[in-house]
Amino acid sequence: MRDKVKLPIPKRSLWLTHAGMLAEQVLRAFWPFFSILMAVLAALMLGLQDQVRVEFVWAAGAVSLIALSVAAAIGIRRFHRPTRSEALVRLDEALPGRPIQALIDDQAIGATDADSVALWRAHKARMAQRVSQAEVVKPDLRLASRDPYALRYAALLALVVAMLFGSLWRIGSVAEMTPGTAVAGQGPTWEGWVEPPRYTGLPTLYLADQSGPALSVPAGSSVTLRFYGEVGAHSLTETSSVTGTEAATEPEQDFVVTQSGQLRIEGPAGRDWVVDVIGDAPPIIDVAGRAEAEAGGQMKLPFQSSDDYGVVSGSALIELDLGAVDRRYGLTTEPEPREVIEIELPMPITGDRADFTEDLIEDFSEHPWAHLPVRITLMARDAADQQSESEPYLTALPARRFFDPLAAAVIEQRRDLLWSRENGARVAQVLRAVSHQPEGLFRSDTAYLRLRVLLRRLETFNQYGLKQPQQEEIAQALWDLAVLIEDGTLADALERMRRAQERLSEAMQNGASEEEIAELMQELREATQDYLQQLQRLAQQNGQDGERQSGQNGESLQMSQDDLQAMMDRIQELMEQGRMAEAQQALEEFQQMMENMRVTQGQGQGGQSEGQQAMEGLAETLREQQGLSDQAFRDLQEQFNPGGQAGESQGNEGRNGGQGRGQSHEGQGGQGQDSDQAGEGQSGQGSLADRQQALRDELRRQEQGLPGAGTQEGEAARDALGRAGRAMDEAEQALRGDDLAEAIDRQSEAMEALREGMRSLGEALAENQQNQSGQGTQEGEAQANNRDPLGRNPGAAGSISTDDNLLQGEDVYRRARELLDEIRRRTGETDRPTIELEYLKRLLERF
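What you see is a predicted model; the values in this text were computed from it and never measured.

## Some remarks on helix 7 (residues 405-419)
Right, on to step 1. When the terminal C-alpha atoms of helix 7 are compared, their 21 Å separation across 15 residues agrees well with the 21 Å that a helix rising 1.5 Å per residue should span.
Right, on to step 2. Within helix 7 the residues assigned to the buried category are Leu-406, Ala-407, Val-410, Ile-411, Gln-413, Arg-414, Asp-416, Leu-417, Leu-418 and Trp-419.

## Some details on a negative patch on the surface
Right, on to step 1. A surface patch of like charges, here negative, comprises Glu-362, Asp-363, Glu-366 and Asp-480.
Right, on to step 2. When you line up the elements, Asp-363 lands in the loop between strand 15 (355-362) and strand 16 (373-382).
Right, on to step 3. Asp-363 gets classed as partly exposed once you look at its relative accessible area, which sits at 45%.

## Quick look at the side chain of Thr-200
Right, on to step 1. Relative to the helices and strands, Thr-200 resides in the loop between strand 1 (189-195) and strand 2 (205-206).
Right, on to step 2. Looking at Thr-200, its side chain comes within polar contact range of the main-chain oxygen of Pro-197, at 2.6 Å.
Right, on to step 3. Ignoring any residue separated from it by four or fewer positions in sequence, one finds Thr-200 in contact with Pro-218 and Tyr-309.

## Some words on the pairing of strand 12 (residues 299-306)
Right, on to step 1. Inspection of the sheet shows strand 10 (residues 284-287) paired to strand 12 by 4 bridges, in the antiparallel sense. In the sheet register, Ile-285 faces strand 12, and the bridge partner there is Ser-305.
Right, on to step 2. Sheet analysis places strand 11 (residues 292-293) next to strand 12, joined by 2 bridges and oriented antiparallel. Bridge pairing in strand 12 links Ala-293 to Met-299.

## Considering a nonpolar patch on the surface
Right, on to step 1. A cluster of nonpolar residues, Leu-46, Leu-48, Tyr-153, Leu-156, Leu-157, Val-160, Val-161, Leu-164 and Phe-165, forms a patch on the protein surface that exposes about 880 Å² of accessible area.
Right, on to step 2. Tracing the backbone shows Val-161 in helix 6 (residues 151-165).
Right, on to step 3. Using a relative accessible area of 32% as the deciding quantity, one classes Val-161 as partly exposed.

## Regarding the packing of helix 7 against helix 8 (residues 424-434)
Right, on to step 1. Orientation of helix 7 relative to helix 8, taken along the N-to-C sense of each, is 165°, at an axis distance of 9 Å. One finds that helix 7 runs roughly antiparallel with respect to helix 8. Here helix 7 and helix 8 pass one another in a crossing that is left-handed. Note on element contacts: helix 8 touches helix 7 through Gly-424, Arg-426, Val-427, Val-430, Leu-431 and Val-434, opposite Leu-406, Gln-413, Asp-416 and Leu-417.
Right, on to step 2. Each residue belonging to the contact of helix 7 with helix 8 can be placed in one class, and the counts come to 6 nonpolar, 2 polar and 2 charged.

## A look at the packing of aromatic side chains
Right, on to step 1. One pass over the full model with this rule turns up 10 aromatic pairs.
Right, on to step 2. Centroid distance Phe-30 to Phe-34: 6.5 Å. Interplanar angle 40°. Geometry classified as tilted. One end of the pair is Phe-30 and the other is Phe-34, both in helix 1 (residues 11-45) and 4 residues apart, which spans about a single turn.
Right, on to step 3. On the basis of relative accessible area, Phe-30 is assigned to the buried category, the value being 15%.
Right, on to step 4. Considering the side-chain rings of Tyr-199 and Tyr-309, the 5.8 Å spacing of their centres and the 75° angle between planes classify their relative orientation as edge-to-face. Here Tyr-199, found in the loop between strand 1 and strand 2, pairs with Tyr-309, found in the loop between strand 12 and strand 13 (311-320); they are 110 residues apart in sequence, far enough to count as distant.
Right, on to step 5. Aromatic rings pair up to connect Phe-30, Phe-33, Phe-34 and Phe-79 into one cluster.

## Details of helix 8
Right, on to step 1. Among all positions of helix 8, only Gly-424, Val-427, Ala-428 and Leu-431 are buried. Down the axis, helix 8 shows its buried residues gathered within 100° of arc, on one side only. Exposed residues pointing more than 90 degrees away from the buried face of helix 8 are listed as Ala-425, Gln-429 and Ala-433.

## What about the side chain of Thr-395?
Right, on to step 1. Residue placement: Thr-395 occurs in strand 18 (residues 393-396).
Right, on to step 2. Once residues within four sequence positions are removed from consideration, Thr-395 is found in contact with Ala-291, Leu-372, Pro-373, Val-374 and Ile-376.

## Some points on unusual backbone geometry
A negative phi angle is the norm for most residues apart from glycine, just as the trans form is the norm for most peptide bonds.
Right, on to step 1. Backbone geometry at Ala-150 places phi at a positive 55°, although glycine is not the residue there.
Right, on to step 2. The phi torsion at His-371 lies on the positive side, around 70°, for a residue other than glycine.
Right, on to step 3. With respect to the element layout, His-371 can be found in the loop between strand 15 and strand 16.

## Quick look at the sheet that holds strand 7 (residues 252-256)
Right, on to step 1. One open sheet holds the 4 strands; their spatial order is 2-1-4-7, and the pairing between them is antiparallel. In the strand order of this sheet, the two ends are held by strand 2 and strand 7, each with one partner.
Right, on to step 2. Summarising the sheet, strand 4 (residues 222-228) and strand 7 pair through 5 bridges and their orientation is antiparallel. In the sheet register, Thr-224 faces strand 7, and the bridge partner there is Asp-254.

## A short note on the packing of helix 1 against helix 3 (residues 84-94)
Right, on to step 1. The N-to-C vectors of helix 1 and helix 3 enclose an angle of 105°; their axes lie 9 Å apart at closest approach. One way to sum up the angle between helix 1 and helix 3 is to call them roughly perpendicular. On the side of helix 1, the interface is formed by Ser-13, Leu-14, Thr-17, His-18, Met-21 and Glu-24, while helix 3 contributes Arg-84, Glu-86, Ala-87, Leu-88, Arg-90 and Leu-91.

## Section: the confidence of the model for the protein
Right, on to step 1. Of all residues in the protein, 78% attain a pLDDT of 70 or more, and the chain-wide mean is 77.
Right, on to step 2. Low pLDDT (under 50) marks residues 179-185, which in the prediction has 7 contacts with non-local residues, meaning those over four places away or in another chain.
Right, on to step 3. Contacts from residues 794-810, a stretch scored under 50 in pLDDT, to residues over four places away or in other chains number 28 contacts.

## Quick notes on the pattern of salt bridges
Right, on to step 1. Enumeration according to the criterion identifies 33 salt bridges in this entry.
Right, on to step 2. When the shortest N-O distance is used, the salt bridge between Arg-328 and Asp-326 registers 2.9 Å.
Right, on to step 3. For Asp-326, a relative accessible area of 44% corresponds to the partly exposed category.
Right, on to step 4. In this structure, Arg-736 and Asp-690 form a salt bridge, with 3.1 Å as the shortest nitrogen-oxygen distance. In this pair, Arg-736 sits in helix 19 (residues 712-736) while Asp-690 sits in helix 18 (residues 684-704), placing the two residues 46 residues apart along the sequence.

## A short note on the nonpolar core
Right, on to step 1. The biggest cluster of nonpolar side chains holds 36 residues, and the ones touching the most others in it are Leu-618, Leu-699, Leu-706, Leu-754, Leu-761 and Tyr-839.
Right, on to step 2. Counting residues per element, the ones that place at least two in this core are helix 15 (610-640), helix 18, helix 19, helix 20 (740-771) and helix 23 (834-846).
Right, on to step 3. Leave out the neighbours within four places in its chain, and Leu-761 touches Ala-614, Met-615, Leu-618, Leu-706, Pro-707 and Ala-717.
Right, on to step 4. One finds Leu-345, Leu-360, Val-374 and Ala-380 within the second-largest nonpolar core, a separate group that totals 28 residues.

## Regarding the sheet that holds strand 5 (residues 235-238)
Right, on to step 1. Taken together, the 5 strands give an open sheet; going across it, the order is 3-9-8-5-6, and neighbouring strands pair in mixed fashion. For this open sheet the edge positions go to strand 3 (214-218) and strand 6 (245-248), each flanked by a neighbour on one side alone. Averaged over neighbouring strand pairs, the angle between their axes works out to 20° when direction is ignored.
Right, on to step 2. With 5 bridges connecting them, strand 8 (residues 261-266) and strand 9 (residues 271-278) associate as antiparallel partners. Bridging from a neighbouring strand, Gly-261 pairs with Val-275 of strand 9.

Definitions and cut-offs
- Residues numbered from 1 in each chain as written.
- Predicted model: local features only at pLDDT ≥ 70, side-chain atom pairs only at ≥ 80, totals over all residues.
- Heavy atoms only, no water.
- Helix = DSSP H or I, 4+ residues; strand = E, 2+ residues; numbered from the N terminus.
- Expected span 1.5 Å × (residues − 1).
- Buried < 20%, exposed > 50% of the residue type's maximum accessible area, 1.4 Å probe, protein only.
- Patch = residues over 30% accessible without salt bridge, like charges linked within 9 Å, V, L, I, M, F, W, Y side chains within 5 Å.
- Areas by Shrake-Rupley, 256 points an atom, 1.4 Å probe, with all protein chains shown as cover.
- Salt bridge = Lys/Arg side-chain N within 4 Å of Asp/Glu carboxyl O.
- Lys, Arg positive; Asp, Glu negative; His and termini not counted.
- Charge placed at Lys NZ, Arg CZ, Asp CG, Glu CD.
- Polar contact = N/O pair within 3.5 Å; in protein donor to acceptor, adjacent residues only side chain to side chain.
- Contact = heavy atoms within 4.5 Å.
- Pairing = 2+ DSSP bridges.
- Axes fitted to C-alpha atoms, helices over the stretch in contact; angles between N-to-C directions.
- Parallel < 35°, antiparallel > 145°, perpendicular 65-115°, else oblique.
- Left-handed = near helix turned anticlockwise from the far one by under 90°.
- Nonpolar A, V, L, I, M, F, W, Y, C, P; charged D, E, K, R; others polar.
- Phe/Tyr/Trp six-rings, centres within 6.5 Å; stacked < 30°, edge-to-face > 60°.
- Arc of directions from axis to C-beta.
- pLDDT = per-residue confidence, 0-100.
- Core = buried A, V, L, I, M, F, W, Y, C linked by side-chain atoms within 4.5 Å.

So this is what it looks like as structure tokens:
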């Protein structure tokens, strides 16, 4: 390209473009040279030459020089210095219409024609205007094709690390690695490091960079010095280690700083520091609050600890405070020696351990020292293995409290037995007196029998001498007996509620802690909730809507769950305010009201068992789901062929499920009104979605009272109904999204899961009937009126199978073949909508 023509190119754009092209050539030619140079500098600055033998260093140096020379030679051969013409071409290629080339060109034809010349000049004027607006062309500095493994970035990263953590002083140490010689003009030199203990988290100090007269380092820091050059040119004198060092001239010196003192390096470029040792203070630990018993009986002891570099671990020592024990009754004898309790303290998993507060939570309810005076000593240890102890904390060892008087008496005798085996005879005597007249004392015959067996074993052991293993066996049996008496094995919801009320009343009278009262209050809420659910189920069975007859005055009492909840909230509020007398009175009123709601066993069951009612409810739910599925299929046909499928779908309308009726959903158009109203402008899919949601809610209610809990078949039924519920939820979402095909698929899954659940429930009921002789006749009479989802009589032994013909006398194989042929025929009609064809294909794949 001719450059003698003066072009209106901005000088800045041309110069920067030319510089960018020069950078491209330099990087493409010399990137191997730069990578090798950066890697060598990184190794020298990090001091890798000081970690290997001298011969290896010089060999590596020679290899590096050869590699640098070869890379430089290849780079010089490849390097091409860009010219001004090449820069103009680069700019011209970046501009539309190649204006620079147009300005350099001459008019080839029409030079004698005035009009042609004027046109040419106007063209060049436009091109000159474009050239005057030329921008800088960015250079292409990518080297990925030449360096596919990104070696240049690895070398650059190593150099950056060396600049951050290394030193330029270390490069000069290579020249000093020939024994007995030194580089001319440089002379002997030295270098050193101070490495603080790792647990401090402090960085390493390079001594050559420490310009101040004082050097502050933590105790235990390691100092390393290296002398290069002629032996004896440098010497070390220090008084900071245990033994100290005087005029040491060895090439390598190291010691550990343990005390403040002097550090002096004599010789060329020598230095002198005053070493100031930063001591490592021992950790501090102390109790931060009062030891309390959690609701479950665990001890909760808050503590706080701190250390200058962080606490590593801690422990708690618990020993009996024998002088503070009330030595009465079974505690008058000398206690048997027991080891001090030692437990690890919890440490923060994340965060700073320099200053923290934690809670020690441990269960000592079964320990012999439970509720006895103890001394708790906390200990903490830091990384320097320094330990410190807190002041002994005196308290009664928190543990589980038993509110039942009989359970508390059993626990007291257990404590006496563990106190000393000499108390064995006394414990047996007390337990025999307690069980002398069990009437009105033991709520459970099981507890009384277990106590009598335990008592006979204890008396036998006492007769032949009570040994330690036998002592531990009896103590564990007494603990299990107390827990049985306290918690009970009550299966009836009413009895559980009464027990919760009694335990709460006992706790209020004995001044229990707020945590224990809150736990018992929550237990009362759960027991009451369980009792009310049973009442609600009985009310639905008897059609009483929650009304119950009071056995004392015959008045009808209507008690809603909200009223009971408000009353329990009032009781808890009074207890939180400390008004225990009013809370006790409110609790008594609550007990009286709940007693009025009690229903005698078997009242109002109407001749049907719970299992039969559950089966009938599930059968009704399955019919409802079948009706919704049929309606959704008719709506899908109507979408793709309005008015043309009426005759084809009439057969479906006659089925029981087609109307989608049910007691729970009549208010939502259950009597088949959705199909009629859809054509009148109402949202059919929205109505179907609402009915699907109502059906899901009904299934959820049925799951709550499903019998067969604890059996394999019962759990299988619950799992199947859970899958049915999830499929109903997905069907509802599909209906709301106007995706009828997806909704039909999900409804089919729901029906299949419902059938599986009913099958499992029938097996559970059949197994229960076989285990309960004498009830088979009544169960069979009740099942005579039961119907499956298709209106057929169930089979024997509670099975939902039947001997009846599925098509009520029709040829089942012929009818199935007709349906399959019809589906195949419609699948072959390619003019049908895609969504309908996909649905028909899924039907063929399934059946």
